[in-house]
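Here are the chains, one letter per residue:
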Amino acid sequence: MGTALVKIKIMPTSPEVNREEIKKHAEEIIKKHQGNIGRTEEEPIAFGLVAVLITFSIPESQELEPIEEQLQKIHNVSSTQIIDMRRAFG
């Protein structure tokens, strides 16, 4: 099996939410499911709301649904969305 590169967008419930806490919990969840964090970014959305974008690698055999479900349960997260997924070569 190969490796998949995944980029996920995590939307906080409001602009006042501590995004660093969301990042910390999200990275713990991803690592628990055999993921390796590549990059963490922030994307301004509107009216002060900023999404957290996390890029990580994961074995292709690992399902993403459990990760996404756990990320949605993080306090002050309104939604999560996988915005990119591709097979890694090399």
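Structure shown above.
Residues numbered from 1 in each chain as written. Predicted model: local features only at pLDDT ≥ 70, side-chain atom pairs only at ≥ 80, totals over all residues. Heavy atoms only, no water.

**Student:** Go over the packing of helix α1 (residues 19–32) against helix α2 (residues 65–72) with me, naming the residues and quoting the values.
**Tutor:** Between α1 and α2, the least distance of the axes is 10 Å, while the angle of their chain directions is 155°. Classed by the angle they form, the pair α1 and α2 counts as roughly antiparallel. Considering only the axes of α1 and α2, their crossing is right-handed. Side by side, α1 and α2 meet where A26, I29, I30 and K32 of the first sit next to I67, Q70 and L71 of the second. Its residues assigned to classes, the contact of α1 with α2 shows five nonpolar, one polar and one charged. (Axes fitted to C-alpha atoms, helices over the stretch in contact; angles between N-to-C directions. Helix = DSSP H or I, 4+ residues; strand = E, 2+ residues; numbered from the N terminus. Parallel < 35°, antiparallel > 145°, perpendicular 65-115°, else oblique. Left-handed = near helix turned anticlockwise from the far one by under 90°. Contact = heavy atoms within 4.5 Å. Nonpolar A, V, L, I, M, F, W, Y, C, P; charged D, E, K, R; others polar.)

**Student:** Lay out the pattern of salt bridges with the relevant residues and their values.
**Tutor:** For the structure shown, the criterion picks out seven salt bridges. The closest approach of N and O atoms between R87 and E60, which form a salt bridge, is 2.7 Å. Residue R87 is found in strand β4 (residues 77–88), and its partner E60 is found in the loop between β3 (49–59) and α2; the two are separated by 27 residues along the sequence. Between R86 and D84 there is a salt bridge whose closest N-O contact spans 2.8 Å. A relative accessible area of 27% places D84 in the partly exposed class. When salt bridges that share partners are traced, they join R19, E20, K23 and E42 into one network. (Salt bridge = Lys/Arg side-chain N within 4 Å of Asp/Glu carboxyl O. Buried < 20%, exposed > 50% of the residue type's maximum accessible area, 1.4 Å probe, protein only.)

Worth remembering: the numbers are spatial, not functional.
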